[in-house]
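Fold and contact review
Here's the letter readout for the chains.
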Amino acid sequence: MVNSPHENDTALKPEIAKPKLPPMYKVLLLNDDFTPMEFVVDVLERLFNKNREQATQIMLKVHTEGAGVCGIYPQDIAETKMHQVVSYARKAQHPLQCIIEVA
Ligand code: TYC
């Protein structure tokens with residue numbers, strides 16, 4: 001036999017190393033009936049470095065659609081942002097909720 005019997009056997013082809021990028025996480029704000037719009041805009045400016053116009057757009061998206069993305073980060077940064085939002089909101093006695101999910 002001229003050809004190896006495994007010539008077309010993909011299972012036996014050497015693996016090509018694919019560098020894995022770390023998973024990214026979306027940080028989302030959730031709507032509620034009590035947190036003032038101005039407070040949500042302030043959160044987006046302070047913690048997500050948005051300007052007033054960007055912050056207002058995101059806040060209105062959350063208000064009308066129920067949720068909205070504030071930013072996309074590696075897991076540790078996304079978790080820190082989420083905790084910062086909740087901590088800042090609770091100090092001001094607002095029920096604002098923030099979650100993360102895989103991007
Ligand atoms: N729905 C709130 C209101 O009418 C505003 C709001 C927007 C609250 C975004 C939370 O993530 C939020 N005051």
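Check the entry above for the structure.
As the structure is a prediction and not an experimental result, all values here were calculated from the model. (Residues numbered from 1 in each chain as written. Predicted model: local features only at pLDDT ≥ 70, side-chain atom pairs only at ≥ 80, totals over all residues. Heavy atoms only, no water.)

1. Examining the pattern of salt bridges
Throughout the structure, instances matching the rule amount to 5 salt bridges. Among the salt bridges present, the one from Arg52 reaches Glu38, with a minimum N-O distance of 3.6 Å. Remark: Glu38 occurs in helix H1 (residues 37-48) and Arg52 occurs in helix H2 (residues 52-65); sequence separation between them is 14 residues. Notably, a salt bridge pairs Arg46 with Asp42, separated by 3.0 Å at the nearest N-O pair. Note that Arg46 and Asp42 are positioned in helix H1 at a spacing of 4 residues, about one turn of the helix. Take Arg46: its relative accessible area is 53%, and that puts it in the exposed class. Where salt bridges share partners, they join Glu38, Glu45 and Arg52 into one cluster. (Salt bridge = Lys/Arg side-chain N within 4 Å of Asp/Glu carboxyl O. Helix = DSSP H or I, 4+ residues; strand = E, 2+ residues; numbered from the N terminus. Buried < 20%, exposed > 50% of the residue type's maximum accessible area, 1.4 Å probe, protein only.)

Read these as spatial facts, not as claims about activity.
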